[in-house]
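Now for the letters of each chain:
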Amino acid sequence: MTAHDATRPAPPPAGAPERKPKLATVSLAGCFGCHMSFLDIDERLFTLIEHVTFDRSPFTDKKEVGECDIGLIEGGVCNAENVQILREFRQHCKILVALGACAINGGLPAQRNSIPLSSLLQAVYYSSPRLPHGGIPDDAELPLLLDKVHPIHEVVKVDYFIPGCPPSADAIWSVLRDLLAGRAPVLGHGMLHYD
Amino acid sequence: MEIQKNHSAYLDPILERHAHRATDLLQILRAAQEHFGWLHPEAIDHLTRRLGVPRAKIEGMASFYAFLHLQPAGRYRVLFSDNITDRMLGSAALRERMCRNLWIEPGKVSEDGLVSVDTTSCTGMCDQGPALLVNGMAVTRLDAQRVDAICDLIRNQAPLAAWPTEYFRVVDNIRRSDLLLNPGFIPGAALTAARQRGGQGLLHEIKASGLRGRGGAGFATAAKWEACRDAAGEAHYVVCNADEGEPGTFKDRVLLARHADEVFEGMTLCAYVIGARKGLLYLRGEYRYLLDHLDRMLARRRENHLLGASILGQPGFDFDIEIHVGAGAYICGEESALIESLEGKRGTPRNRPPYPVTHGYLDQPTAVNNVETFVATCHIALAGGAWYAGIGAAQSSGTKLLSVSGDCARPGIYEYPFGISVRQVLDDCGAADTQAVQVGGPSGTTLATHEFDRLIAFEDVPTAGAFMVFDIRRDMFEVARNFVHFFAHESCGFCTPCRVGTSLLRNLMDKLHNGQGSPHDFHEIEKLDRILLSASHCGLGHTACNPVLDTIAKFRPAYELRLQQRRFVPAFDLDRSLQTARQMTGRDDGATHLHDEGSVR
Amino acid sequence: MSKTFTLDDKRIPFEDGQTILQAALAASVYIPHLCYHPDLEPHGSCKLCTVKVGGRQTAACTLRAAEGMAVESDTGEINAQRLALVQMLFVEGNHFCPSCEQSGDCRLQATAYQLGMLSPHFDHFFPNRPVDASHPDFLLDFNRCILCSLCVRASREVDGKNVFALAGRGLKTHLIVNAPSGKLGDTDFGGADKAAHVCPVGVILPKRRGFAVPIGERTFDKSSIADYVASRHGKRGGEK
Ligand SMILES: Cc1cc2nc3c(=O)[nH]c(=O)nc-3n(C[C@H](O)[C@H](O)[C@H](O)COP(=O)(O)O)c2cc1C
Ligand code: SF4
Ligand code: SF4
Ligand code: FES
């Protein structure tokens, strides 16, 4: 199936609510690459907007997530704030989707996992030549780091996964279309990538 | 202790003794380690040169065995037996006491290199636990007083030979004897009887006896010997499996201590039938203390022409037995892993077919039998197959030794004709308020009260001999968790499902233990069980899920009581995962804590 | 008439001594596998090639084919189990595909694609496995080792060198290198070794050649592992 063989999502299944489904997205320990890829669905965004309302997302600048149908999470979980946001999403979203490699296995940020957090903080704030009067910031505004970076499925229940670094726009579109149509998403050959 | 620059001084005599055979590598490393308590890299250099075995192979092999050390492990290496029965007798508190007393952390060597304290899988002293091993020697009947005294001995650096012999006393605890345990066997008598019948005649008697292997699988002994005899090869071998690693089993220990003549004579009978000139007995490392006794028994049999050249004066009947000592690996009880270990390799189970009867030790036809199986063959040789077949149950002739331990007044060895009910055993051993019996060890079956009328027999509840009793005070979830830890620790790591699956299972059981389990985790446990059962390479992986499956089926509330109502609980402790960052930033405000949530979808 | 067995609904001819996997591949039928290589002794450890024969599961790479055998392989049940095994391999090591030079040419990854793996599912172990960059021409990134022992066998059986060995036990099993320093740079390992070319994942990597092939052009960008393996075996009688 190619991405363009149907620019419109199938009509919602019979008996499903008439209202427009709500979609929220967020980036935790990620690079926004998955969001950029999401934007790459290009003109299909218009179709999407016809069928969904965006709740919290970088596109709306809404800071709190409301009751939603679908939540897309980019990025792994590296600090306390990530956990809080992820929990809020889980609480408010009927369907939670892990978007991209970092959400799925921690990705690049998780490559710090083999180094103890204490050594990391030491190395960054005490032995860096650029920070001669180092000290670990203790600002209450800064979220605390977890010992390790975790994929989101180790913190909350995750319903679906879209792998890729980033997942292709086609893959994202295909999954969204399937979900909105009430189908279990399937990523065929060519759309399934871990890089 | 100064490490010698020149390792040849102590290594060369060891190498001589083993005729520079690379296949004896495990035995060579065991002996080499006795010098410093660990294997120095330069010692490995020397062995590499002399044996022509690559260093990576030696290191790869040594690191497989729990009792071999490639790093200093302390001049006193204390290992507490961690079977559930030891735990029920208070071993965990005693271990903590010893660590406190010696100012050391469990699993770490003290800074002065004097001592380390850790745990090991069941040491086979369940009837006289809690038990430990110190530098490989078993110490039994631990209590606070004994632990304190041991700490003093270690601090004063007293050599083991100067420790009270009482500490090392292992008693037999024979509670019920039948034909195997009854005294009166005359060494050589079975061989004499066999010689009158001839090899084929003896095989016929064993076939008629219906004898099935006592090591667990219950394979017909006569069929095995016959197939081995008929297999073509340059040489045939007899191997006695005395690895007895199944937690809760200690009957082979007693047979080796009391009835070694029958064990060796059974091996010699087998040699007579299959035409072997060499036998090997693989003694589990935990029973190292029996080695001198067994060597003396072998020497005596040689003197009496029951071993060596021309046995019983019959020209051409040459057979001798070598003892190989294991080094802490349960998997080496699996016959093909055992053979790998005998060949000086990592104890990884082979691909089968071919089976050991055609391609065993050094790729030659090999008959592997359990200690008890060999003992039984002596009595069949003496009194005939028909007599033996009349004892026991229809598909399980003869008697069975049970190693009874756990919550009962009289733990020890009970010999019964096959077909005895579980209830009868419980009555005899003085068990009260019993809620469960683990028959056959962790890889066996968990029986609940409604099953106590079931019978010990291949056709009902088969067992290699373990019989662990749990009364109503015990938490059967914790029993299963202990067993799962055992399997994760003992998985050889060869195949994916068992290597990874047993550790995943262990982590999930720990999660439930920590009160963090959810129904989701419970499903995961069931999923892992199915994979282990069907995809594993050998019996270890296949049976690793048994205790969990059985306790879920029969003690489900023990699991349910631990499950949170939430459908999902994180894989790790979120708040604890912030501890380092809290410490390093010196913060402790509300935003630095992550508490459990009430309910999450 | 050559002997045959059935694999799912196909008839597969075989010669005496051939394993189920060898016969299937020769007939261009794919059975997932990771620790098998046509030039090396079968090992039977990854269990990806698990099939059902007579209701019992067994490794297709080690079981000899026999006349009339009925083998089940491409079923929902068996593939679900294979998927779980691949997921176990992913969480056991550290597999960060986006930063791996082998991505696109990796058999673990391609097998996961084949089985439709969307996430590693299990909880990660995140082991600590430092890389070894001591060799002038090769890098060892142990994070990705799946312990298939292909390099061990290649070095021993083909190169006659024993550069690699497995060490440890259980989940602590790991790959070691034959040198007192434990470093590849101190061994006689070389680029002409068979062992330099058998790793199915991204552990044994030539230096200064990473990411040479653009995305879209790599082996498993162009075809699925099933098609790739089946075509190479079927045509050439041997995978290279
Ligand atoms: C994981 C595992 C551990 C085993 N441990 C032992 C053991 O300690 N002693 C033993 O006699 N058999 C053990 N066995 C069974 C042996 O593989 C083999 O069947 C037995 O030694 C054959 O002897 P038998 O026919 O006299 O029973 C074990 C099997 C497995 C799979
Ligand atoms: S099942 Fe376990 S013990 Fe057996 S071969 Fe596999 S990893 Fe080793
Ligand atoms: S380095 Fe590669 S070939 Fe060697 S065992 Fe690991 S995954 Fe297999
Ligand atoms: S390919 Fe058969 S077990 Fe790995």
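Residues numbered from 1 in each chain as written. Chains lettered and ligands numbered in written order. Predicted model: local features only at pLDDT ≥ 70, side-chain atom pairs only at ≥ 80, totals over all residues. Heavy atoms only, no water.

## Side note on the interface of chain A and chain B
Listed per partner, the contact involves 31 residues of chain A and 25 residues of chain B. On inspection of chain A and its partner chain B, the count reaches zero salt bridges. Inspection of the chain A/chain B interface yields seven residue pairs in polar contact (both at pLDDT 80 or more). Within the residue set of the side of chain A that touches chain B, elements represented by two or more residues are α3 (80–92), β5 (93–99), α5 (117–125) and β6 (145–150) of chain A. Among the elements that line the side of chain A that touches chain B, the one with the most residues is α3(A), at seven residues. (Contact = heavy atoms within 4.5 Å. Salt bridge = Lys/Arg side-chain N within 4 Å of Asp/Glu carboxyl O. Polar contact = N/O pair within 3.5 Å; in protein donor to acceptor, adjacent residues only side chain to side chain. Helix = DSSP H or I, 4+ residues; strand = E, 2+ residues; numbered from the N terminus.)

## Looking at the packing of aromatic side chains
Applying the stated rule across the entire model yields 23 aromatic pairs over all chains. Of the aromatic side chains, those joined through ring pairs into one cluster are A:Y194, C:F90 and C:Y113. The ring of B:F568 has B:K511 lying over it, and the distance from NZ or CZ to the ring centre is 5.9 Å. Cation over ring: C:R169 sits above B:F64, and NZ or CZ is 5.9 Å from the ring centre. (Phe/Tyr/Trp six-rings, centres within 6.5 Å; stacked < 30°, edge-to-face > 60°. Lys NZ or Arg CZ within 6 Å of the ring centre and 35° of its normal.)

## Focus on the nonpolar core
One finds A:L48, B:Y65, B:F264, B:L281, B:F319 and C:F164 to be the most contacted residues of the largest nonpolar core, which totals 221 residues. Not counting residues up to four positions away in its chain, the partners in contact with B:F319 are B:V238, B:M267, B:T268, B:A271, B:A276, B:R277, B:K278, B:G279, B:L307, B:G308 and B:I311. In this structure, A:C68, A:F89, A:L121 and B:F572 belong to the second largest nonpolar core, which totals 33 residues. (Core = buried A, V, L, I, M, F, W, Y, C linked by side-chain atoms within 4.5 Å. Buried < 20%, exposed > 50% of the residue type's maximum accessible area, 1.4 Å probe, protein only.)

## What about helix α6 (residues 169–180) of chain A?
Residues and elements named next belong to chain A. Between its first and last C-alpha, α6 extends 16 Å over 12 residues, near the 16 Å set by a 1.5 Å rise per residue. Of all 12 residues in α6, 11 are buried; the element is thus mostly enclosed. Buried-residue contacts for α6 involve β1 (22–27), α1 (33–39), α2 (44–51), β3 (68–74), β5 and β7 (160–162). G182 sits one or two residues past α6 and shows a positive phi near 80°. (Expected span 1.5 Å × (residues − 1).)

## Regarding the interface of chain C and chain B
Contact residues are listed per partner, giving 36 residues for chain C and 41 residues for chain B. Here chain C meets chain B over a buried area of about 3,000 Å², counting both sides, of which 59% is carbon and sulfur. Per-residue buried area on chain C facing chain B is highest for C:K47, C:M88 and C:R169; these three make up 23% of the total on that side. Where chain C touches chain B, the interface holds two salt bridges. (Buried area = accessible area lost by both parts, 1.4 Å probe.)

## Describing the pairing of strand β8 (residues 320–325) of chain B
Residues and elements named next belong to chain B. Both strand β7 (residues 278–283) and β8 contribute to a ladder of six bridges, which runs parallel. When the bridges of β8 are listed, Y282 appears paired with H324. Note that the unit made of β7, helix α12 (residues 291–303) and β8 has a crossover that is right-handed. (Pairing = 2+ DSSP bridges. Right-handed = clockwise from strand over helix to strand, strands pointing away.)

## Considering the domain arrangement of chain C
All names here are of chain C. Domain boundaries assigned for chain C yield domain 1 (3–74) and domain 2 (83–209). Look at where the C-alpha atoms of domain 1 and domain 2 centre, and you get two points 25 Å apart. Here domain 1 and domain 2 share an interface that buries about 1,300 Å² over both sides, 66% of which is from carbon and sulfur atoms. It is L34, L40 and L48 that lose the most area in domain 1 upon contact with domain 2, and together they represent 44% of the buried surface on that side. Linking domain 1 with domain 2 are one salt bridge. Of the charged contacts in the structure, one is a salt bridge between K194 and D39, with a shortest N-O distance of 2.7 Å. (Domains from an automatic or database assignment.)

## Here's the deal with the sheet that holds strand β3 (residues 132–134) of chain B
Strand pairing in a sheet takes place through backbone hydrogen bonds and is either antiparallel or parallel in direction. Residues and elements named next belong to chain B. Pairing within the open sheet is mixed, and its four strands lie in the order β2-β1-β3-β4. Among the strands making up the open sheet, the edge pair consists of β2 (115–120) and β4 (137–139). Averaged over all pairs of adjacent strands, the angle between strand axes in this sheet comes to 25°, irrespective of strand direction. Pairing of β3 with β4 involves three bridges; the strand directions are antiparallel. Bridge assignment links L132 to a residue of β4, and that residue is V139. Of the strands in this sheet, β1 (76–81), β2 and β3 are in contact with helix α6 (residues 91–102), which crosses β2 at around 165°. Of the strands in this sheet, β1, β2 and β4 are in contact with helix α7 (residues 144–155), which crosses β1 at around 165°. (Axes fitted to C-alpha atoms, helices over the stretch in contact; angles between N-to-C directions.)

## Re the site of ligand 3
Close to ligand 3 lie C:C145, C:I146, C:L147, C:C148, C:S149, C:L150, C:C151, C:L175, C:C199, C:P200, C:V201 and C:V203. Of the residues contributing to the shell around ligand 3, the split by class is 11 nonpolar, one polar and no charged. (Near = heavy atom within 4 Å. Nonpolar A, V, L, I, M, F, W, Y, C, P; charged D, E, K, R; others polar.)

## Overview of the pairing of strand β13 (residues 412–417) of chain B
All names here are of chain B. Summarising burial for β13: five of the six residues are buried, a large majority. With two bridges connecting them, strand β5 (residues 174–176) and β13 associate as parallel partners. Its bridge partner lying in β13, I174 is registered against I413. Taken together, the six bridges between strand β12 (residues 399–406) and β13 define a ladder with antiparallel strand orientation. Among the inter-strand pairings, L402 is bridged to a residue of β13, identified as Y414. Following β12, the chain reverses through five residues before pairing antiparallel with β13.

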